[in-house]
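Residues per chain, in single letters:
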Amino acid sequence: MNHPESYPPVFRKQINESDDQVTITTTLKNPEEEEEPKRDDFFLQDSSDPVEVVPVIDLQDIITNLEQQHQLEEACRDWGIFRLVNHGVPLNLISQLQDQAQKIFSMSFEAKQTLFNNNDNSTPAAVSYFWGTPVLTPSGSVLDNIYPKKINWVEGLNVRLSQLSDYHDQISGDPMLDSFRVLLEEYGGHMERLARVIFEAILKTLNMDSKQYNSKSQLLSESTSSVRVYRYPKISDADEEEAVIGMQVHTDSSVISILNQNQVGGLEVFKDNKWFHVRPILNELVVNLGDMMQAISNDEYASVKHRVKANKHEERFSICYFMFPAEDGVVGSSNYKPFTYKDFQAQVQHDVKTLGFKVGLERFKNP
């Protein structure tokens, strides 16, 4: 395994360097996991399979083309996820950002903690480092008191795009980190553009006035948007693959999430009691709906369940942009009590700490 010192100590301990075997267990169950079918019933497309089932949407046509609008509506209603083509994000930017992320993750675990840890939990960090769980506090630090055995085979960087100017002051003089910041700023600008176009198109399929609806409720906000850069370590023993999960089954809390993944597969979505592998395709982004979009649509569109499987051959890197409402922006529809994103975030944090898993929108359902 390359750069074993770059992994968190818990990961190192669970990797036997002499025979490359992984031993990790996850004992905590949540209701979503208990409702899933057994492993033998899963449908998993191999990444080499040319047949693709996830819908494809052309960004250039979704505002004006009626056929594309209909396809977008079907994708949101039936899948909650779709591929995005003709998105206008330069391929070389995506490639450079992926390459830079790999260099940063190859640094020692201790160096990453020193560079990116947020020691002041009252102030949101521009860039923070996490591992073993994707559940972070609003400040960017790992949520305390989560169940220790529920480990996700992942590490990552959480980037608050609105604070990257502060990050510039912190890393002045480090060419690699400053280059990473510049790439993130450019990438974030493209993601914000895409998020607004996609959001407007989705509201159009729901017969909602996007300008009036968004200005009133502040359902998209650059101040709360973030990028997460993930590394999923490889595992080496095929027999152990079932015991290791890159990221547990979950839904995103966002309005929409926009993912670019390198050419190592692992992302799966749950539909019709089956798991579908969303194989990587060069220069295509993956867009999925989050909990806030489900609430806005009054449950016409669902926040898609997804997970990331560990890979036994290669590390996996991915970069995901999350667009959230403003913290005080009110989300609501006839199926839900009015709530702010800040309310939702606080409830999720409480549930994860006390129950070990996210309950989500069910907490805000009208009786």
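Computed from a predicted structure; not experimentally measured.

Visitor: Looking at this model, I keep getting lost on the sheet that holds strand E11 (residues 274-277). Mind explaining?
Guide: Pairing between the strands of a sheet comes from backbone hydrogen bonds, and it takes one of two forms, parallel or antiparallel. With antiparallel pairing, 4 strands are arranged side by side in an open sheet as E8-E13-E10-E11. Bordering the open sheet on either side are strand E8 (245-250) and E11, each of which pairs with just one other strand. Between one strand and the next, the sheet's axes are offset by a mean angle of 25 degrees, whatever the strand orientation. Pairing of E8 with strand E13 (residues 306-309) involves 3 bridges; the strand directions are antiparallel. Note that in E13 the partner of His250 across the bridge is His306.

Visitor: Would you mind showing me how to read helix H10 (residues 341-355) here?
Guide: Residues that lie three or four places apart on an α-helix share one face, since the helix turns once every 3.6 residues. With 15 residues, H10 extends 20 Å from end C-alpha to end C-alpha; this agrees with the ideal 21 Å at 1.5 Å per step. A positive phi of about 95 degrees marks Gly356, the residue just after H10.

Visitor: Any chance you could explain the environment of Val331 here in plain terms?
Guide: Note that Val331 resides in strand E15 (residues 330-333). Sequence separation of Val331 and Met293 is 38 residues, and the distance between their C-alpha atoms is 9.2 Å. Those residues in contact with Val331 that sit more than four places away from it in its chain are Leu219, Met292, Ala295, Ile296, Pro325, Lys337, Pro338 and Phe339.

Visitor: Hey, could you run me through the sheet that holds strand E4 (residues 81-85) in this one?
Guide: If you walk across this open sheet you meet the 8 strands as E3-E4-E12-E9-E14-E7-E6-E5, and the pairing is mixed. Looking at which strands have only one partner, the edges of the open sheet turn out to be strand E3 (56-58) and strand E5 (127-131). Adjacent strand axes in the sheet meet at a mean angle of 25 degrees, parallel and antiparallel pairs treated alike. When strand E9 (residues 256-261) meets strand E14 (residues 316-324), the two strands line up antiparallel, connected through 6 bridges. The residue of E14 that forms the bridge with Asn260 is Ile319. Here helix H7 (residues 175-205) sits on the sheet in contact with E4, strand E6 (155-160), strand E7 (221-232), E9, strand E12 (285-289) and E14, set at roughly 130 degrees to E9.

Visitor: How should I be thinking about the packing of helix H3 (residues 66-78) against H7 in this particular structure?
Guide: How two helices pack is summed up by the angle between their axes together with the distance between the axes. Relative orientation of the contacting elements H3 and H7 amounts to 90 degrees, with a least axis distance of 9 Å. One finds that H3 runs roughly perpendicular with respect to H7. Each of Gln69, Leu72, Glu73 and Cys76 in H3 lies in contact with H7, whose residues at this interface are Ala201, Ile202, Lys204 and Thr205. Across the contact of H3 with H7, the residue classes tally to 4 nonpolar, 2 polar and 2 charged.

Analysis parameters
Residues numbered from 1 in each chain as written. Predicted model: local features only at pLDDT ≥ 70, side-chain atom pairs only at ≥ 80, totals over all residues. Heavy atoms only, no water. Pairing = 2+ DSSP bridges. Helix = DSSP H or I, 4+ residues; strand = E, 2+ residues; numbered from the N terminus. Axes fitted to C-alpha atoms, helices over the stretch in contact; angles between N-to-C directions. Expected span 1.5 Å × (residues − 1). Contact = heavy atoms within 4.5 Å. Parallel < 35°, antiparallel > 145°, perpendicular 65-115°, else oblique. Nonpolar A, V, L, I, M, F, W, Y, C, P; charged D, E, K, R; others polar.

Keep in mind these values describe shape, not function.
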